[in-house]
Amino acid sequence: DIVMTQSPDSLAVSLGERATINCKSSQSILYSSNDKNYLAWYQQKRGQPPKLLIHRASTRESGVPDRFSGSGSGTDFTLTISSLQAEDVAVYYCQQYYSTPYTFGQGTKLEIK
Amino acid sequence: QLQLQESGPGLVKPSETLSLTCTVSGGSISSSSYYWGWIRQPPGKGLEWIGSIYYSGSTYYNPSLKSRVTISVDTSKNQFSLKLSSMTATDTAVYYCARRNSSHAFDIWGQGTMVTVSS
């Protein structure tokens, strides 16, 4: 299985400041035939299902604010929120879908400082 | 707008089999572009993929659960289902159904249903 490890486990950022969450996979999730990284980022607010924010490491889902961006390749990935808003308080998960079993990171809890 | 809704019992006894159904509305489960999946989340913990199915019935499961899991599809009802046998307290979780899109991420999720294993 591919192990996904996120850092940090929790993060407190001031409103309007940048938040950065990291995700590392235990092996490359770059699909060589199409040069795409099979990584997604999800946002889960309390009592709600996860919401897909970004797929293929850097493609923002329709309707997701452009303050959310994803980057990275191979085994190291980052989710960046450029200017934190109050509604961004949530737990964020990365997920690889390069191979089954699909696996998720342990989650990063983002709070307001 | 496509929506998914889980249904099933909220309480299951140890050793029994859990049966959940996901009803797809606002679109067809028989679309060639999508797979359909089950993911669970124990209270206060992270997400675990259980397995996925194509409308043709092709399935793939998490090896950690494979011996106990069966996922099936009923295209006439626009539903897919999960059966998980030999339930124990460690199977207590919120169970989500979700659509896997052509980019292979889970882009639409149901609201989830809490399942507690207790006698």
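For the structure given in this document, a descriptive report is provided here. Just so it is clear, the structure is predicted and the values come from calculations on it, not from any experiment. (Residues numbered from 1 in each chain as written. Chains lettered and ligands numbered in written order. Predicted model: local features only at pLDDT ≥ 70, side-chain atom pairs only at ≥ 80, totals over all residues. Heavy atoms only, no water.)

## A closer look at the overall build of chain B
Here's step 1: Scanning chain B for helices and strands turns up 0 helices and 11 strands.
Here's step 2: Ordering the α and β elements of chain B from the N terminus gives β-β-β-β-β-β-β-β-β-β-β.
Here's step 3: What you see for chain B is a C-alpha radius of gyration of 13 Å, in line with the 14 Å of a compact globule of 119 residues.
Here's step 4: Dimensions of chain B along its principal axes, counting C-alpha atoms only, are 40 × 25 × 25 Å.
Here's step 5: By residue count, 47% of the 119 residues in chain B fall in the buried class. (Helix = DSSP H or I, 4+ residues; strand = E, 2+ residues; numbered from the N terminus. Rg over C-alpha atoms; globule rule 2.2 N^0.38 Å. Buried < 20%, exposed > 50% of the residue type's maximum accessible area, 1.4 Å probe, protein only.)

## Section: the interface of chain A and chain B
Here's step 1: On the side of chain B, 23 residues touch chain A, which itself brings 18 residues to the contact.
Here's step 2: Summed over both sides, the interface between chain A and chain B buries roughly 1600 Å², with carbon and sulfur atoms accounting for 62% of that surface.
Here's step 3: Among the residues chain A hides against chain B, the three largest losses belong to Pro 49, Tyr 102 and Phe 104 of chain A. Together they make up 35% of the total.
Here's step 4: At the boundary of chain A with chain B, the tally comes to 0 salt bridges.
Here's step 5: Here chain A is connected to chain B by 8 residue pairs in polar contact (both at pLDDT 80 or more).
Here's step 6: Of all elements in the fold, only strand S6 (39-44), strand S7 (51-55) and strand S11 (90-96) of chain A reach the threshold of two or more residues within the side of chain A that touches chain B.
Here's step 7: Considering each element in turn, the side of chain A that touches chain B owes the most residues, 3 residues, to S6 of chain A. (Contact = heavy atoms within 4.5 Å. Buried area = accessible area lost by both parts, 1.4 Å probe. Salt bridge = Lys/Arg side-chain N within 4 Å of Asp/Glu carboxyl O. Polar contact = N/O pair within 3.5 Å; in protein donor to acceptor, adjacent residues only side chain to side chain.)

## As for the state of the cysteines
Residues and elements named next belong to chain A.
Here's step 1: Using the criterion set out here, one finds 2 disulfides over all chains in the structure.
Here's step 2: At a sulfur-sulfur separation of 2.1 Å, the disulfide partner of Cys 23 is Cys 94. On the sign convention where negative means left-handed, the S-S torsion of about 75° between Cys 23 and Cys 94 marks this disulfide as right-handed. One end of the pair, Cys 23, is in strand S3 (residues 19-25); the other, Cys 94, is in strand S11, and 71 residues separate them in sequence. (Disulfide = S-S within 2.5 Å.)

## Regarding a nonpolar patch on the surface
Residue and element names in this part refer to chain A.
Here's step 1: A cluster of nonpolar side chains, Leu 15, Val 89 and Ile 112, forms an exposed patch at the surface whose accessible area comes to about 230 Å².
Here's step 2: By secondary structure assignment, the location of Ile 112 is in strand S13 (residues 108-112).
Here's step 3: The partly exposed category is assigned to Ile 112, whose relative accessible area is 32%. (Patch = residues over 30% accessible without salt bridge, like charges linked within 9 Å, V, L, I, M, F, W, Y side chains within 5 Å. Areas by Shrake-Rupley, 256 points an atom, 1.4 Å probe, with all protein chains shown as cover.)

## As for the nonpolar core
Here's step 1: Counting residues in hydrophobic clusters, the biggest one holds 26 residues, and the most contacted among them are Leu 4, Trp 38, Phe 80 and Tyr 95 of chain B.
Here's step 2: Of all the elements in the fold, those that place two or more residues in this core are strand S3 (18-25), strand S4 (35-41), strand S5 (48-53), strand S7 (69-74), strand S8 (79-84), strand S9 (93-100) and strand S11 (113-117) of chain B.
Here's step 3: Residue contributions to this core peak at 4 residues, all from S3 of chain B.
Here's step 4: Core analysis: the second largest hydrophobic core is formed by 23 residues, Cys 23, Trp 41, Leu 53 and Phe 68 of chain A among them. (Core = buried A, V, L, I, M, F, W, Y, C linked by side-chain atoms within 4.5 Å.)

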